[in-house]
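What follows is each chain in one-letter form.
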Amino acid sequence: LSRSIVDGPRYWYSEWYSGDVRITWNINGFGAEYTSDGCEPVLVDQDTDGVEFRCRATNSSGTTERTVFIRRDATPMDTVFDETPPPLTYAQSFVISHFRFSAPGSDNLSGFARFECAPYDFEFFYQPCESPYDISVYPSSETRRLYVRAVDAAGNVDPTPAMYEWQVRFGP
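Residues numbered from 1 in each chain as written. Predicted model: local features only at pLDDT ≥ 70, side-chain atom pairs only at ≥ 80, totals over all residues. Heavy atoms only, no water.

A.B. asks: What am I meant to see in the packing of aromatic side chains here?
C.D. replies: Aromatic ring pairs: the centre-centre distance and the angle between the two ring planes describe each pair. The final tally for this structure, using the stated rule, is 11 aromatic pairs. Aromatic pair Phe 99 and Tyr 164: ring centres 6.0 Å apart, planes at 75°, arrangement edge-to-face. Residue Phe 99 is found in strand S10 (residues 95-102), and its partner Tyr 164 is found in strand S15 (residues 162-170); the two are separated by 65 residues along the sequence. Grouping residues by exposure puts Phe 99 and Tyr 164 together as buried. An angle of 80° between the planes, with centres 4.9 Å apart, marks the rings of Phe 101 and Phe 115 as edge-to-face. With Phe 101 in strand S10 and Phe 115 in strand S11 (residues 112-118), this residue pair connects regions lying 14 residues apart in the sequence. Overall, Phe 115 belongs to the buried group, its relative accessible area being 9%. What links up through ring pairs into an aromatic cluster is the set Phe 81, Phe 99, Phe 101, Phe 112, Phe 115, Tyr 133, Tyr 164 and Trp 166. (Phe/Tyr/Trp six-rings, centres within 6.5 Å; stacked < 30°, edge-to-face > 60°. Helix = DSSP H or I, 4+ residues; strand = E, 2+ residues; numbered from the N terminus. Buried < 20%, exposed > 50% of the residue type's maximum accessible area, 1.4 Å probe, protein only.)

Here it is, written out as structure tokens:
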């Protein structure tokens, strides 16, 4: 039994897979006569906190086995705003807009990893951020937007980021 082959989307620093996982076993060097147990190809297509698969091959020279442990979480978290600035503020100069956000209980397997924010209406330029989050805004006639998304430890990204719009205008 030379190796196990595990194929599936895996976040580079995580032990978690974020989609279907296929396991196959490569049995070499056993000659024509051998028996095996648990060496069938496997598809893990359900979220799991951990499941172990074992392939055991035996011939006249002895027995060898390989074990693979899989953790799969393909469920993204949900992101919500817990605190936002007023939808309209009047000011003479810069204002600090204050936000709090969370990812409440939407992922019970791999767990929360980080938030990513896209400030100043740049929906596609996400960067790591933390809650609470403050933005300095100069008064103008523009509507501001903040997008926030949660990422779990398996690398699943919230497909519907939380978005908040507000305005800071010149005035007393």
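What follows picks up the thread again.
A.B. asks: Explanation requested: the sheet that holds strand S9 (residues 88-91) in the structure shown.
C.D. replies: In spatial order, the strands read S9-S15-S14-S11-S12; together these 5 strands make up an open sheet with mixed pairing. Single-partner strands in this sheet number two, and they are S9 and strand S12 (127-129). On average, adjacent strands in this sheet sit at an angle of 35° to one another, irrespective of strand direction. (Pairing = 2+ DSSP bridges. Axes fitted to C-alpha atoms, helices over the stretch in contact; angles between N-to-C directions.)

A.B. asks: Looking at this structure, how should I read the state of the cysteines?
C.D. replies: Note on terminology: a disulfide is the covalent bond linking the sulfur atoms of two cysteines. The tally for this structure, following the rule as stated, stands at 2 disulfides. Shown here is the disulfide that connects Cys 39 with Cys 55, its sulfur atoms set 1.9 Å apart. Looking down the S-S bond of the Cys 39 and Cys 55 bridge, the torsion is 95°, so its handedness is right-handed. Placement of Cys 39 in the loop between strand S4 (35-37) and strand S5 (42-44) and of Cys 55 in strand S6 (residues 48-59) is noted, with a sequence separation of 16 residues between them. Accessibility classification places Cys 39 together with Cys 55 in one group, the buried group. Residue Cys 117 pairs covalently with Cys 129 via a disulfide, S to S 2.0 Å. Negative torsions about the S-S bond denote left-handed disulfides, and the value of about 70° found for Cys 117 with Cys 129 makes this one right-handed. One end of the pair, Cys 117, is in strand S11; the other, Cys 129, is in strand S12, and 12 residues separate them in sequence. (Disulfide = S-S within 2.5 Å.)

A.B. asks: Would you explain the confidence of the model for the chain in this entry?
C.D. replies: As a general rule, the predicted coordinates of low-pLDDT regions are not to be interpreted in detail. With 93% of its residues at a pLDDT of at least 70, the chain reaches an overall mean of 90. Within the chain, the element-level pLDDT minimum falls on S4, averaging 86, and the maximum on strand S8 (residues 80-83), averaging 98. (pLDDT = per-residue confidence, 0-100.)

A.B. asks: Teacher, can you tell me more about the sheet that holds S4 here?
C.D. replies: The strands making up a sheet associate through hydrogen bonds between their backbones, and the pairing can be parallel or antiparallel. Pairing within the open sheet is mixed, and its 4 strands lie in the order S2-S7-S6-S4. This sheet does not close on itself; its edge strands, each paired only once, are strand S2 (16-17) and S4. As defined by bridge partners, S6 adjoins strand S7 (residues 62-72) across 10 bridges and the pair is classed as antiparallel. Bridge assignment links Val 51 to a residue of S7, and that residue is Ile 70.

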